[in-house]
Amino acid sequence: MTAWEGGVGQGLGYLLFLAVLCGWSWSLQRRVVHPALRSAMQGTALLLFFWIALRALQFLAAFNLPMARDRWQAYRLMQTAALRGMDVVSWLIFALLPWLDLLILRVSSQPLDAPPLDRTPTLHLAVSLVLWLAAVLPLAAGAKKILVGWIALSTLCFAAGLIKNAASPARARRAAAPIAILVAFALYVWLYFVKRPAWLPGSGFIFAAAAAVFIFWESCLRSGMLPCNSRYEELFALAPARMWIEDERGTTVYRARLAPPRPGADAPPGTQRRSWPLRGGSVLWEGDVSALLALQDELRELTRERGNRLLAQRNRIRCRLLELRWQNRLCAEVERRMQDKIEAARRLLAAVPERPAEAERETVRRALARLGVLICAVKRKSHLFLKSKQSNRLPLAEIMQAAMESARCAAQTGVECAPFCAESGSVPARTGMLVYDLFEEALESCLTAAPASLLMRLRRAGGELELRLVIESSQPPDEAALLPPPLRDTLRRLGGTYRLERDEESLYATCRLPDDGKEARP
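Residues numbered from 1 in each chain as written. Predicted model: local features only at pLDDT ≥ 70, side-chain atom pairs only at ≥ 80, totals over all residues. Heavy atoms only, no water.

### What to know about the overall build of the protein
Of the regular secondary structure elements, the protein holds 18 helices and 11 strands. Burial analysis of the protein (522 residues in total) assigns 38% to the buried set. A sequence separation of at least 24 residues applies to 63% of the contacts in the protein between residues at least 6 apart. Surface summary for the protein: the accessible area is close to 31500 Å², and the carbon and sulfur share equals 61%. (Helix = DSSP H or I, 4+ residues; strand = E, 2+ residues; numbered from the N terminus. Buried < 20%, exposed > 50% of the residue type's maximum accessible area, 1.4 Å probe, protein only. Contact = heavy atoms within 4.5 Å. Areas by Shrake-Rupley, 256 points an atom, 1.4 Å probe, with all protein chains shown as cover.)

### Quick notes on the packing of helix α16 (residues 429-447) against helix α18 (residues 485-493)
α18 packs onto α16 with a crossing angle of 145 degrees between their chain directions and a minimal axis gap of 11 Å. In this structure, α16 crosses over α18, and the sense of that crossing is left-handed. Between α16 and α18, the contacting residues are R430, L434, D437, L438 and E441 on the first element and L487, T490, L491 and R493 on the second. In the contact of α16 with α18, the residues fall into 4 nonpolar, 1 polar and 4 charged. (Axes fitted to C-alpha atoms, helices over the stretch in contact; angles between N-to-C directions. Left-handed = near helix turned anticlockwise from the far one by under 90°. Nonpolar A, V, L, I, M, F, W, Y, C, P; charged D, E, K, R; others polar.)

### Side note on the pairing of strand β2 (residues 252-255)
One face of the sheet, then the other: side chains in a regular strand alternate in exactly this way. Summarising the sheet, strand β1 (residues 242-247) and β2 pair through 3 bridges and their orientation is antiparallel. Within β2, the position partnered with W244 by the bridge is R255. Linking β1 to β2, which pair antiparallel, is a turn of 4 residues; within it G250 sits at a positive phi near 85 degrees. (Pairing = 2+ DSSP bridges.)

### Observations regarding the sheet that holds β2
Spatially, β2-β1-β4-β3 is the arrangement adopted by the 4 strands of the open sheet, whose pairing is antiparallel. Both edges of this open sheet fall to β2 and β3 (271-278), since each of them pairs with a single strand only. Pairs of neighbouring strands in the sheet enclose a mean axial angle of 20 degrees, with direction left out of account.

### Observations regarding the side chain of S128
Within the secondary structure layout, S128 lies in helix α5 (residues 120-136). Contacts of S128, omitting those with residues within four sequence positions, involve A95, L147 and W150.

### With respect to α5
Note on helix geometry: an α-helix contains 3.6 residues per turn, so any two residues three or four positions apart are oriented the same way. Between its first and last C-alpha atoms α5 spans 25 Å; for 17 residues at 1.5 Å apiece the expected length is 24 Å, and the two agree. Taken residue by residue, α5 has P121, H124, S128, L131, W132, A135 and V136 as its buried positions. Here the buried residues of α5 occupy an arc of 125 degrees about the axis, which is enough to place them on one side. For α5, exposure combined with an orientation more than 90 degrees from the buried face picks out T122, L123 and V130. (Expected span 1.5 Å × (residues − 1). Arc of directions from axis to C-beta.)

### Thoughts on the packing of aromatic side chains
Applying the stated criterion across every chain yields a total of 13 aromatic pairs. Judged by centre distance (6.1 Å) and plane angle (90 degrees), the ring pair of F17 and F214 falls under edge-to-face. Linking F17 in helix α1 (residues 8-31) with F214 in helix α9 (residues 205-223), this pair joins segments that are 197 residues apart in sequence. F17 sits in the buried class, given a relative accessible area of 8%. A residue is classified by how much of its surface remains accessible, and F214, at 16% relative accessible area, is buried. Aromatic side chains Y436 and F439 sit 6.5 Å apart centroid to centroid with 45 degrees between the ring planes, which places their arrangement in the tilted category. On the criterion of helical spacing, the pair formed by Y436 and F439 is a turn pair, its members being 3 residues apart in helix α16. Assigned by exposure class, Y436 and F439 land together as buried. (Phe/Tyr/Trp six-rings, centres within 6.5 Å; stacked < 30°, edge-to-face > 60°.)

### Focus: the sheet that holds strand β8 (residues 452-461)
Think of a sheet as strands paired side by side through backbone hydrogen bonds, with each pair either parallel or antiparallel. Taken in spatial order, the 5 strands of this open sheet run β6-β8-β9-β11-β10, and their pairing is mixed. Looking along the sheet, the strands with just one partner apiece sit at the ends: β6 (415-421) and β10 (497-502). Sheet twist, expressed as the mean angle between neighbouring strand axes with direction ignored, is 15 degrees. In the packing of α16 onto the sheet, contacts are made with β6, β8, β9 (464-473), β10 and β11 (506-514), and the angle to β9 comes to roughly 5 degrees.

### What to know about the confidence of the model for the protein
Per-residue pLDDT for the protein has a mean of 76; in total, 81% of the residues score no lower than 70. For the protein, the element scoring lowest by mean pLDDT is helix α7 (residues 169-174), at 59; α5 scores highest, at 85. Throughout residues 1-6 the model reports pLDDT below 50, and contacts reaching past four residues in sequence, or to other chains, amount to 6 contacts. (pLDDT = per-residue confidence, 0-100.)

### Considerations on the nonpolar core
Judged by nonpolar contacts, the single largest core of 61 residues is most densely connected at W24, M41, W51, L147, W217, L221 and L226. Counting residues per element, the ones that place at least two in this core are α1, α2 (35-62), α4 (72-107), α5, α6 (143-165), α8 (176-195) and α9. The element that contributes the greatest number of residues to this core is α4, accounting for 14 residues. When neighbours within four sequence positions are excluded, L226 is seen to be in contact with L37, M41, I104, S108, W217, C220 and L221. (Core = buried A, V, L, I, M, F, W, Y, C linked by side-chain atoms within 4.5 Å.)

### Looking at the side chain of D437
Looking at where D437 falls in the secondary structure, it is placed in helix α16. The class for D437 is buried, based on a relative accessible area of 15%. For D437, the contacting residues outside a window of four places in its chain are K381 and L487.

See below:
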């Protein structure tokens, strides 16, 4: 036995057709503009979905082999009830489909703002339900034949109305496919119930009927027999303007790709929204007026400044002069702060002979290395000073970068230096400048006693910034070399403390500074 004969193929077919019906119902919401037509077609899709779903459940219940093997009587009663229920539901579907067909045909030819329908569709539905109820009752003999006749008469009326709507040659060519599908389905019904040939399967009528209804209405949409916006939605979406078309309830029917899904209450800045009423709705669009608004602002500005051009020019010259004065003051301040370093570098450079002897080359090399340390200090301190003028704060990363660059220059003179800081953030500008000055004084004092090593550690301790210096040298510097009077005065104004400790060959210097940036009053 193959998989199809065992029922797997038919089960997959039912599931696939249910998925197609779900997608088709969702597409009807987007494609069909007419509200009444959309509701009627979605009702048809829901009716087919319910029919196929019940058929699928009946089909799955028939393959309950454990129940058929263990409880045969219960399985037989269940199958009998399922067949009887499916027969009742199928006759109900047969009675409702012609009513839905006539309803769709009638509302498709009416405009969006047409008045409600009269009582004729309601009367047709009532007759169909009464005949169905009589046909499913076991006491009403011959009621099924009357119901079949009513269904056939309703189908003929629907076919006549469809042919009437396609009376013109242009529309007749479009209606050829739906009418051909309708004729083919009528031929299938006649063969299935009258002739019953051997090649025609006996278990697929429900699936074939539902598929025929689905294909018929989809062909009507594709051929243009029913009002549908499938052909115009993509074309409208390519419009270069931000446009919408709404129905009478305010629901967006068409939308350009540049437009948001729903028009908001207010237009975005630089745009102007307009609307125009249509029959059954309105069209809205937004125009870009940002260029006009910018031109209007420019004209207003030119009008206001027409009598003040000389004053504006004088203000620009004054701003430039103030900027130059500020830059000159900064340069003068940097030069004043670096004066001692520059003088020391000049003295070292003047002491270097132009053509040193062989025995003096090592001395000259050390002098040039010390000169490099001084020049590096001038450059790094100038950078930190200008950096502090921007926000009155110095990042700890900038201070450590300056210390590392000075340490690399000092390595050429035989001084091993290792700055370390695991903290992040920033400190007040004066505190950061003092920290770097203390480190630089300690580093320069080690140059005269090389070889030496200098360990620097910078960290936060509570609300204070702690600088720890460890110097190892055969001739450790004294406190006057590590903390000259200018630095001692600055340390006192900032409210900091400084402590020195010694052992055999090491010198420990600890400096603590407030981290809030407030200077202590003298």
